[in-house]
Amino acid sequence: MHWKRGQRYVEDDRVTTTAGVTSGTVGALRVVEELAGKDEATRIGKGLSYPGWTPDGPTTIPANHLTPGDLPYALNAAFPWLRSTVGIGLVDGVDEIDAAAAFEAYGGVSFSARTVVLGSRGTVTTRHGLVLIAQPTGSSSHGVHLWGVAPLQPTAGPPPSELRSRL
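Predicted model, so just to flag it, every value in this text is computed and none were measured.

Remarks on the pairing of strand β4 (residues 113-119)
Here's step 1: The buried fraction of β4 is high, at five of seven residues.
Here's step 2: Of the strand pairs in this sheet, strand β3 (residues 84-89) and β4 are connected by six bridges, and their pairing is parallel. Paired with Gly-87 across the strands is Val-116, a residue of β4.
Here's step 3: The pairing of β4 with strand β7 (residues 135-136) spans two bridges and is parallel. Opposite Leu-118, over in β7, you have Gln-135 as the bridge partner.

Shown next, in the form of structure tokens:
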């Protein structure tokens, strides 16, 4: 095995390996292109709204360097007790991408907030069967300063009006 630095994915005959989670998206789209063609990979890539991706786009990972703009990130990571808590309300059937996007927007890599899953009971099962541990909404506020609700795909679960009544 030979390590290749700075590449989102590496192809070796029928095996494609990726550098990490987000690079996995780019690698998977490359596999789709190989199996189903460029048009299908483009259709799926547009549906994922993956920023900057095109079938002919670069596979290199840009080098990151610390800048003064990274200071808020460092402070948020160093002093977590100063962060507010954001509760994200989820219901059974929520799409995994929608749930992840809601959490990334508030907590994510910036560490700007602590996020907790809120649900009508102790677990929430996503559209594809992932079981998330949730804090039941009826007991207390859990120190939550801000509430949000992940959107539902039309086929993923109940309509938004039913979602409000279930939370």
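Thoughts on the pattern of salt bridges
Here's step 1: Counted by the stated rule, this structure contains seven salt bridges.
Here's step 2: For Arg-30, the salt bridge goes to Glu-33, with nearest N and O atoms at 3.3 Å. With Arg-30 and Glu-33 both in helix α1 (residues 21-36) and three residues apart, the pair spans about one turn of that helix. A single burial state applies to Arg-30 and to Glu-33, both of which are buried.
Here's step 3: With its nearest N and O atoms 2.9 Å apart, the salt bridge here joins Asp-92 to Arg-121. Taken as a pair, Asp-92 in the loop between β3 and α4 (96-106) and Arg-121 in the loop between β4 and β5 (123-125) lie far apart in primary sequence, 29 residues in all.
Here's step 4: Accessibility expressed as a relative area gives 39% for Arg-121, which makes it partly exposed.
Here's step 5: One connected set of salt bridges, linked through shared partners, spans Glu-11, Arg-30, Glu-33 and Glu-34.

With respect to the nonpolar core
Here's step 1: Counting residues in hydrophobic clusters, the biggest one holds 11 residues: Val-86, Ile-88, Leu-90, Val-94, Ala-99, Ala-102, Phe-103, Ala-113, Val-117, Val-124 and Ala-134.
Here's step 2: Contacts of Val-117, omitting those with residues within four sequence positions, involve Ile-88, Leu-90, Phe-103, Val-124, Ile-133, Ala-134 and Gln-135.
Here's step 3: The next biggest cluster of nonpolar side chains, apart from the first, holds five residues, and it includes Tyr-9, Val-26, Leu-29 and Ala-41.

Calculation criteria
- Residues numbered from 1 in each chain as written.
- Predicted model: local features only at pLDDT ≥ 70, side-chain atom pairs only at ≥ 80, totals over all residues.
- Heavy atoms only, no water.
- Buried < 20%, exposed > 50% of the residue type's maximum accessible area, 1.4 Å probe, protein only.
- Helix = DSSP H or I, 4+ residues; strand = E, 2+ residues; numbered from the N terminus.
- Pairing = 2+ DSSP bridges.
- Salt bridge = Lys/Arg side-chain N within 4 Å of Asp/Glu carboxyl O.
- Core = buried A, V, L, I, M, F, W, Y, C linked by side-chain atoms within 4.5 Å.
- Contact = heavy atoms within 4.5 Å.

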